[in-house]
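# Observations on chain architecture
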Amino acid sequence: MKTLQTQEILAEKFHTEETISAVKSTFEQQLSKELNLTKISAPMIVLKGTGINDDLNGIERAVKFPVKGLDDQPAEVVQSLAKWKRIRLKEYGITPGTGILTDMRALRPDEDFTPIHSIYVDQWDWELCMTEEERQLDFLKQTVTKIYSAITTTEKAVSEKYPEKYIVLPEEISFIHTEDLLQKYPDLSPKERENAAAKEHGAIFLIGIGGKLSNGEAHDGRAPDYDDWTTQSEKGHSGLNGDLIVWNHVLEQAFELSSMGIRVDTETLQRQLQLTGQEERAKLYYHTKLLAGELPQSIGGGIGQSRLCMFLLKKKHIGEVQVSIWPESLRESYAEKGVFLL
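Residues numbered from 1 in each chain as written. Predicted model: local features only at pLDDT ≥ 70, side-chain atom pairs only at ≥ 80, totals over all residues. Heavy atoms only, no water.

### Overview of empty space enclosed by the protein
Scanning the model with the defined rule gives one cavity of 30 Å³ or more in all. Computed from the structure, the largest cavity encloses a volume of approximately 40 Å³. Lining the largest cavity are V168, N248, H249, V250, F311 and K314. Residue classes in the lining of the largest cavity are distributed as three nonpolar, two polar and one charged. (1 Å grid on protein atoms, 1.4 Å probe; cavity = no way out; pocket = protein on both sides within 12 Å on 5 of 7 lines; lining within 4 Å. Points joined across faces, edges and corners; volume = space filled by probe spheres on them. Nonpolar A, V, L, I, M, F, W, Y, C, P; charged D, E, K, R; others polar.)

Written out as structure tokens, the structure reads:
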């Protein structure tokens, strides 16, 4: 009986691997089509001290190690590729309206173990070259709409091939600014506000991540040197960035699929470094190139590969769609519920 159960579990895992492949290949094709992206290679490590690696919320530790062949110069495992991609746009001569797409693999040891968090991160990192005139909220929304179209097209394709993976997403995504969400739910925490909005609309793009709101607090943290979270737009609200969030019917909570935004220009970088007290970063390699006007205007972000697979395949734990490290007690507790981690 135990052998039979083991065979059934392995068969289910293999079926999951098959559906993961279907989701990833379909979405990648659709995203590339919607945004006119070309797939390129991406690094897993970058040299420390260049400013190329991302700080995310500004507090996460990067995995670092000395490189023997470089006289023990320290290198870091990437946390995301926001700044690296912008350099590549310049080096490859990418023109406005076209961009690049990469498979980003990262290690984030400060992540807590939860059903939606792993220390291993896999995402599609994309960067689209744009013009100075496109530095406005409407262009951000247009880009988000195209990405959401790629997601819903993938959901429909998966549901046709695997009928048990039913459609849950609305046809259109709703745009909400973090300040408006605060005014609507002043007594709720940021995550509680996200839950309320995602449940109401099904899919939202939450604009303005990083800047302080009217209550003196930011909705969530964002590093000062890649997304623009201080430029003012409609209603005097700040921010040309945001998070794409859907309502997860399996977990019954808001579920972030993507973080993205229009990238900082010279003025915005200087302002945001000053606001966060990180003016010394202006001396780093990446920052000097940007301040010298050597990098193109761009919009970009990351879209979680395991997150999207988990959502579309109706899984209860991210470990069902990616191979990572988990406490044995966690594996056992989920196995008792019939949830088997890869």
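### Some details on the pattern of salt bridges
Enumeration over the complete set of coordinates arrives at 19 salt bridges. A salt bridge links K85 to E127; the shortest N-O distance between them is 3.3 Å. Of the two residues, K85 is situated in helix α2 (residues 82–91) and E127 in strand β6 (residues 120–129); the sequence distance between them amounts to 42 residues. Residue K85 is classed as buried on the basis of its relative accessible area, which comes to 0%. (Salt bridge = Lys/Arg side-chain N within 4 Å of Asp/Glu carboxyl O. Helix = DSSP H or I, 4+ residues; strand = E, 2+ residues; numbered from the N terminus. Buried < 20%, exposed > 50% of the residue type's maximum accessible area, 1.4 Å probe, protein only.)

### Observations concerning the packing of aromatic side chains
For the coordinates displayed, the defined rule picks out four aromatic pairs. Ring centres of F27 and W124 lie 4.8 Å apart, and the angle between their planes is 55°; this geometry places the pair in the tilted category. Here the residue F27 occupies a position in helix α1 (residues 2–35), and W124 occupies one in strand β6, the gap between them amounting to 97 residues. By relative accessible area, F27 is classed as buried at 0%. Ring centres 5.6 Å apart and planes at 55° place the aromatic pair F113 and W326 in the tilted group. Separated by 213 residues along the polypeptide, F113 in the loop between β5 (99–107) and β6 and W326 in the loop between α8 (305–312) and α9 (328–335) bring together distant segments of the chain. Lying over the aromatic face of Y334, K337 brings its terminal NZ or CZ to 4.6 Å of the ring centre. (Phe/Tyr/Trp six-rings, centres within 6.5 Å; stacked < 30°, edge-to-face > 60°. Lys NZ or Arg CZ within 6 Å of the ring centre and 35° of its normal.)

### Section: the sheet that holds strand β7 (residues 174–177)
Paired through their backbone hydrogen bonds, the strands of a sheet run either parallel or antiparallel. One open sheet accounts for eight strands, arranged β1-β5-β6-β11-β10-β9-β8-β7; its pairing is mixed. Looking along the sheet, the strands with just one partner apiece sit at the ends: β1 (37–39) and β7. Within the sheet, the average angular offset between the axes of one strand and its neighbour, ignoring direction, is 30°. Across nine bridges, the pairing between β5 and β6 is antiparallel. By the bridge assignment for β6, G99 is matched with L128. Sheet strands in contact with helix α3 (residues 137–161) are β6, β7, β8 (203–207), β9 (241–248), β10 (253–262) and β11 (298–304), and its direction is about 130° off that of β10. (Pairing = 2+ DSSP bridges. Axes fitted to C-alpha atoms, helices over the stretch in contact; angles between N-to-C directions. Contact = heavy atoms within 4.5 Å.)

### Focus: the sheet that holds strand β2 (residues 45–47)
On the basis of which strands lie adjacent, the open sheet formed by three strands has the order β2-β4-β3 and antiparallel pairing. The open sheet has two free edges, formed respectively by β2 and β3 (64–67), since each of these has just one partner strand. Ignoring strand direction, the axes of neighbouring strands in this sheet form an average angle of 40°. In terms of strand pairing, β3 meets strand β4 (residues 73–77) through four bridges, oriented antiparallel. By the bridge assignment for β4, K64 is matched with E76.

### Some points on the side chain of E320
Structurally, E320 is set in the loop between α8 and α9. Comment: no salt bridge for buried E320; closest opposite-charge side chain is K315, at 4.2 Å. Here H317 takes part through its backbone nitrogen, which lies 3.0 Å from a polar atom of the side chain of E320. (Lys, Arg positive; Asp, Glu negative; His and termini not counted. Polar contact = N/O pair within 3.5 Å; in protein donor to acceptor, adjacent residues only side chain to side chain.)

### A word on a nonpolar patch on the surface
A cluster of nonpolar side chains, M44, I45 and F65, forms an exposed patch at the surface whose accessible area comes to about 270 Å². One can find M44 in the loop between β1 and β2. (Patch = residues over 30% accessible without salt bridge, like charges linked within 9 Å, V, L, I, M, F, W, Y side chains within 5 Å. Areas by Shrake-Rupley, 256 points an atom, 1.4 Å probe, with all protein chains shown as cover.)

### Looking at the pairing of β11
Burial of β11 is extensive: seven of the seven residues sit out of reach of the surface. Residues S298, G300, G302 and G304 point to one face of β11 and I299, G301 and I303 to the other, with burial holding for every one of them. Where β6 meets β11, seven bridges bridge the pair, whose relative direction is antiparallel. Bridge pairing in β11 links L128 to I299. Taken together, the five bridges between β10 and β11 define a ladder with antiparallel strand orientation. Residue pairing in the sheet places S259 in a bridge with G302 of β11.

### Re unusual backbone geometry
Here N36, not a glycine, exhibits a phi torsion of approximately 60°, which is positive. Position of N36 among the secondary structure elements: in the loop between α1 and β1. Under the relative-accessibility criterion, N36 is labelled partly exposed at 41%. For D71, which is not glycine, the phi dihedral falls at a positive 55°. For D71, the position within the fold is in the loop between β3 and β4. Residue classification places D71 among the exposed positions, given a relative accessible area of 75%.

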